[in-house]
There are 2 protein chains.
Amino acid sequence: MKVLVVTATPSIESFNIAIALRAAEHIQKRGHEVIFHDLYRENFSPLLESEEIPRDAVLDPAAAAYCRELSEADGVVIVHPDWWGQPPAILKGWVDRVFRPGTAYEYEGLPGEVGTVTGLLGGKFGVVFTTGDTDEEREQNYFLDPLETLWKNCIFGFCGVEKFKRRHFSIIMISTEAQRKAWLEEVDTLLDPFLENNEQQGGIYG
Amino acid sequence: MKVLVVTATPSIESFNIAIALRAAEHIQKRGHEVIFHDLYRENFSPLLESEEIPRDAVLDPAAAAYCRELSEADGVVIVHPDWWGQPPAILKGWVDRVFRPGTAYEYEGLPGEVGTVTGLLGGKFGVVFTTGDTDEEREQNYFLDPLETLWKNCIFGFCGVEKFKRRHFSIIMISTEAQRKAWLEEVDTLLDPFLENNEQQGGIYG
């Protein structure tokens, strides 16, 4: 299995980096291949420009490589802090540029018609770890937990991913070292069902 | 009154640009001052870096100017396409960098404590125009319309803005010229209540 791990956070000392590295390590221990992207350290350029939008645009080699990796991966693990109910801009830009027609979905329709979208990521899994400092009650009842629908429905669901799990760790700012250690152990446990051989997976995501 | 108009879309021919220009023109016609930002044409840098995060960070002059404008504005008008239930990355980065402590909110708390947040944008208005190609039923029931809570609660509400209105225009891809003309006229109408003198505003936003 080949798994893409993508994280976005400015500080290398962030707990997000610890989660992403832990996920990568665990996936490798289970005998799978990891492609790791720390978007800040890579200086990923998050701007989708006009010329990149058409279905058959010629992409620069770096952008094309990011797309190929997504196509070839059996699963995607995303790790990021909750900034304004959304990922940091650099990660939003990775979605804008990499989840493109021909890679993540196909659109078919005539001009002037609402066409149909077919997801191209069906069969892959998506696991999202987010971190935050908001009280759970306020997150659910006032902010309405937008990260859940953004990743589950708007992004992965739209592209045909049904095997999906998100885990939000909070409140980071007051967490103890023991708590963070337990959270890192949970990363392994959460990933395990997705790392089984395909033949063994029937029904566990339902 | 001083109103900040911010838009983000790669193509200058986008209907988003038409909306943003219409809004700016209408605000000026009503006798108010407009500060206009077309983030793509300005090459706005959307990356919030570690050194910019602390409350008392020394900002580069460009970032400081964006923040000062937000502080000084009486209202903010945002115009953008719906990309994955979110704004384009460049606009997300404008929020990440400009809606900062000391400008948009204050955080008070001791290390190891969950502190308190006070919005600093109270009294200002926020108006958001978004454009999309999703069928309304699917937007509300499957995607759960995340842009509404993102702008209303997670961003403007968090910062103390109570005078808020969002209007989503869709389906753009099959809209006629007459429809788009009517939508642009609606931009004026929607803005009007926010452009009255403060003394006249009692109650209209409830």
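The structure presented is a predicted model; accordingly, all values stated were derived computationally and were not measured.

Draft legend 1. Geometry of the relation of the copies chain A and chain B. Least-squares fitting of chain A to chain B yields an RMSD of 0.0 Å, with the transformation described by 0.0 Å of translation along the axis and a rotation of 180 degrees. Those values place the two copies in the arrangement expected of a two-fold rotation axis. Ranked by how close their C-alpha atoms come to the rotation axis, the residues of chain A are headed by A89(A), at 2.4 Å. Mapped onto chain B, 100% of the interface residues of chain A again fall at the interface, so both copies present the same surface.

Draft legend 2. Region of the structure containing unusual backbone geometry. Cis geometry marks the peptide bond from S170(A) to I171(A); its omega dihedral reads 5 degrees. The topology assignment puts I171(A) in the loop between strand 7 (163-170) and helix 6 (177-191). One non-glycine residue, N43(B), adopts positive backbone phi at about 50 degrees. By the secondary structure assignment, N43(B) is in the loop between strand 2 (33-38) and helix 2 (61-72).

Draft legend 3. The interface of chain A and chain B, seen in detail. With 35 residues of chain A in contact, the opposing surface of chain B contributes 35 residues. The set of elements that each furnish at least two residues to the side of chain A that touches chain B consists of helix 3 (89-98), helix 4 (136-143) and helix 5 (146-157) of chain A. Split by residue class, the side of chain A that touches chain B holds 22 nonpolar, eight polar and five charged.

Here is what the cut-offs are and how they apply
- Residues numbered from 1 in each chain as written.
- Chains lettered and ligands numbered in written order.
- Predicted model: local features only at pLDDT ≥ 70, side-chain atom pairs only at ≥ 80, totals over all residues.
- Least-squares fit on C-alpha atoms with pLDDT ≥ 70 in both.
- Contact = placed C-beta atoms within 7 Å.
- Helix = DSSP H or I, 4+ residues; strand = E, 2+ residues; numbered from the N terminus.
- Nonpolar A, V, L, I, M, F, W, Y, C, P; charged D, E, K, R; others polar.

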